[in-house]
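An overview of the molecular structure
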Amino acid sequence: MPENPLPPLPPEDDETRTVERVVPADTPPPPPPRRRRPRREEDDGPPRRLWSAGHALIVCVLALAIGLLLNAPGIHKSAYNKPDGWQRDVAVAFTGPLADVSHALLLDRPRKAVQAAVGRSDADEIDTEIALPDQTATPTGPTTAPTPSTPKPTPTTPKPTKPTRIAFSPSKKLRLWVAGDSLVITPGYAVVRAAGASPAIESVGGVDGRVATGLTRPDVFNWFEEIRRQVKELKPRAIVLAFGGNDDKAYMTGLPEGVSIDAFGGSVWRREYARRVGGLMNMINRAGALVVWIGLPQTQSSEQTQRFDVINAVVQREARKREGRAVFIDTYTMFAGADGGYAEYLPNASGKLVKMRAGDGVHFEREGGDVIAREVLKALNKTYDLTSWRKSSS
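In short, a report on the structure.

The rules behind the values
- Throughout this description, residue numbers start from 1 for each chain and increase along the sequence as written.
- In keeping with the model being predicted, local features are shown solely for residues with a pLDDT of at least 70 and side-chain atom pairs are shown and tallied solely at 80 or more, while totals for entire chains, interfaces and linings include all residues.
- No hydrogens and no water enter the side-chain calculation; it runs on all heavy atoms of the structure.
- One speaks of a salt bridge when a side-chain nitrogen belonging to Lys or Arg is within 4 Å of a carboxyl oxygen belonging to Asp or Glu.
- The helix and strand labels rest on DSSP assignments: H or I over at least four residues marks a helix, E over at least two residues marks a strand, and numbering proceeds from the N terminus.
- The rule is simple: take the accessible area with a 1.4 Å probe, protein chains only, and divide by the maximum for that residue type; under 20% is buried, over 50% is exposed, in between is partly exposed.
- One bridge is not enough; two strands pair if DSSP finds at least two bridges between them.
- Consider the strands pointing away from the viewer: the crossover is right-handed when the path from the first strand over the helix to the second runs clockwise.
- Side-chain rings of Phe, Tyr and Trp (the six-membered ring for Trp) are treated as a pair once their centres are within 6.5 Å; stacked means planes under 30 degrees apart, edge-to-face means over 60, and tilted covers the remaining angles.
- Counting as a charge over the ring demands two things of the Lys NZ or Arg CZ atom: a distance within 6 Å of the ring centre and an angle within 35 degrees of the ring normal.
- Pairing of N or O atoms within 3.5 Å defines a polar contact, subject to two protein rules: one partner must be a possible hydrogen donor and the other a possible acceptor, and residues neighboring in sequence count only if both atoms are side-chain atoms.
- Each nonpolar core is a collection of buried residues, namely Ala, Val, Leu, Ile, Met, Phe, Trp, Tyr and Cys, held together in the definition by side-chain atoms within 4.5 Å.
- We call two residues in contact whenever any of their non-hydrogen atoms come within 4.5 Å of each other.

**Details of the pattern of salt bridges**
Tallied over the full model, the rule gives 16 salt bridges. Between aspartate 208 and arginine 210 there is a salt bridge; the shortest N-O distance is 3.0 Å. Two residues, glutamate 233 and arginine 229, come together in a salt bridge whose shortest N-O distance is 3.4 Å. Residue glutamate 233 and its partner arginine 229 are located together in helix H6 (residues 223-234), separated by four residues, close to a single helical turn. By relative accessible area, arginine 229 is classed as partly exposed at 36%. Several salt bridges converge on common partners, so that one network encompasses Asp208, Arg210, Glu226, Arg229 and Glu233.

**What about the pairing of strand E5 (residues 326-329)?**
Note that strand E4 (residues 290-294) and E5 share four bridges and pair parallel. Residue pairing across strands places valine 292 opposite valine 327, the latter belonging to E5. Between E4 and its parallel partner E5, the chain crosses via helix H8 (residues 302-320), and the hand of that crossover is right-handed.

**A word on the packing of aromatic side chains**
For the structure on display, the rule yields seven aromatic pairs. Considering the side-chain rings of phenylalanine 221 and tryptophan 223, the 5.0 Å spacing of their centres and the 75° angle between planes classify their relative orientation as edge-to-face. Taking the relative accessible area as the measure of exposure, tryptophan 223 reaches 0% and is therefore buried. Among the aromatic residues, those joined into a ring-pair cluster are Phe221, Trp223, Phe243 and Trp293. Geometry around phenylalanine 168 places lysine 172 over its ring, the cationic atom sitting 5.5 Å from the centre. Sitting over the face of the ring of tryptophan 223, arginine 210 holds its NZ or CZ atom 6.0 Å from the ring centroid.

**Looking at the environment of arginine 322**
Along the chain, arginine 322 falls in the loop between H8 and E5. Take arginine 322: its relative accessible area is 6%, and that puts it in the buried class. Note: C-alpha distance between arginine 322 and leucine 290 (32 residues apart in sequence) is 9.9 Å. Of note is the side chain of arginine 322, whose polar atom sits 3.5 Å from the backbone oxygen of glycine 278.

**Considering unusual backbone geometry**
Here the phi dihedral of alanine 212 falls at roughly 60°; this positive angle occurs in a residue that is not glycine. Secondary-structure assignment places alanine 212 in the loop between strand E2 (201-209) and H6. The phi dihedral of lysine 235 is positive, around 55°, even though this residue is not glycine. On the secondary structure map, lysine 235 appears in the loop between H6 and strand E3 (238-242).

**Some words on the pairing of E3**
The element E3 is extensively covered by neighbouring structure, given that five of its five residues are classed as buried. Neither face of E3 is open: one carries Ala238, Val240 and Ala242, the other Ile239 and Leu241, and all of them are buried. As judged from the five bridges shared by strand E1 (residues 174-180) and E3, these two strands associate in the parallel manner. Counterpart to leucine 176 in the pairing with E3 is alanine 238. Alignment of E3 against E4, held across four bridges, turns out to be parallel.

**Some points on the nonpolar core**
Grouped together as the largest cluster of nonpolar side chains are 72 residues, with contacts concentrated most on Leu215, Ile227, Leu241, Tyr273, Trp293 and Leu380. Here this core gets eight residues from one element, more than from any other, and that element is helix H7 (residues 267-286). Other than its neighbours up to four places away in sequence, leucine 215 contacts Trp223, Phe224, Phe243, Asp247, Tyr273, Arg276, Val277, Leu280 and Trp293.

**Examining the environment of arginine 286**
On the secondary structure map, arginine 286 appears in helix H7. Of the residues examined, arginine 286 reaches a relative accessible area of 40% and is grouped as partly exposed. In sequence terms arginine 286 and arginine 325 are 39 residues apart; their C-alpha atoms lie 9.8 Å from each other.

Next comes the structure, spelled out in structure tokens:
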């Protein structure tokens, strides 16, 4: 009888059947299974709500509004200082009430505290007050030494001698200060260099040149207050000024009560500009100092040159009223070309053709500043005695 065969294998069904899969060798391994974060008790609460774009927009608007209120005084001053026109009118109309609300809610306090900490407490102040001395009284001559009163000449009495010039020396130097708009910067530094070559002149305060300023807009920068302060602190005996490059417009601030300005160059405009120029000259003269005013030059623009002519005429007339106390430096003809018009290149003292005017057609190059400096030194030597000390020392 044959041996009992092995029991037959159970039939394979779909659940127990295994299929051997052939995996290519270059197939990357499968990623590891992700591990689930263990559930926490706080996850049982209500689901978080995501903010919509509308909520984010509201937050941005609120932040912008708070920022505007915190900085409203500075924004209002910037709007006030804009050039005249409808854009300035709209900006002032909007920022004025904004500054009032900021002040009422005390939201301007943090800005004031920061400004006080850095020494700029008056940074947001809009200063349009022009405090000038009375121009009806004639200032006394500050540039000559006092002389005793002399009786009226008679046939037996010699005529009074000409008042002597005030003398300066290395031990008693002439204190010189330079100030004005951007047109004073290059000539001003040339004046300081030239003054440094004279043992009898001392530059004080450097060159106070401020871009985009003038005498028509004390709200932008109050030169009347600045000059008053510097005259008191520096005690200069000669001041070189240059203004007008930004004043060739009709709009003015700091007008006297009841005064309304007409068009640029009109009779009212000229009268008010003369009041400001003459007031500065009187202020300086009464402090015992000479005014040397650098006039406006020709420019590439014929229209701008015509406007500068108006300003030069006003300043020159005021300087002539104060002979011996104010000197006008005429740069118009000084930098004229062979045809009498604008010239960028001119011959220097040695006859060499050099660039005198800047590429913008308005300002000066260094060579041009040196030409002006020589004229300023001539005016100083004509008014003061800056050389007699050499004889006594020798």
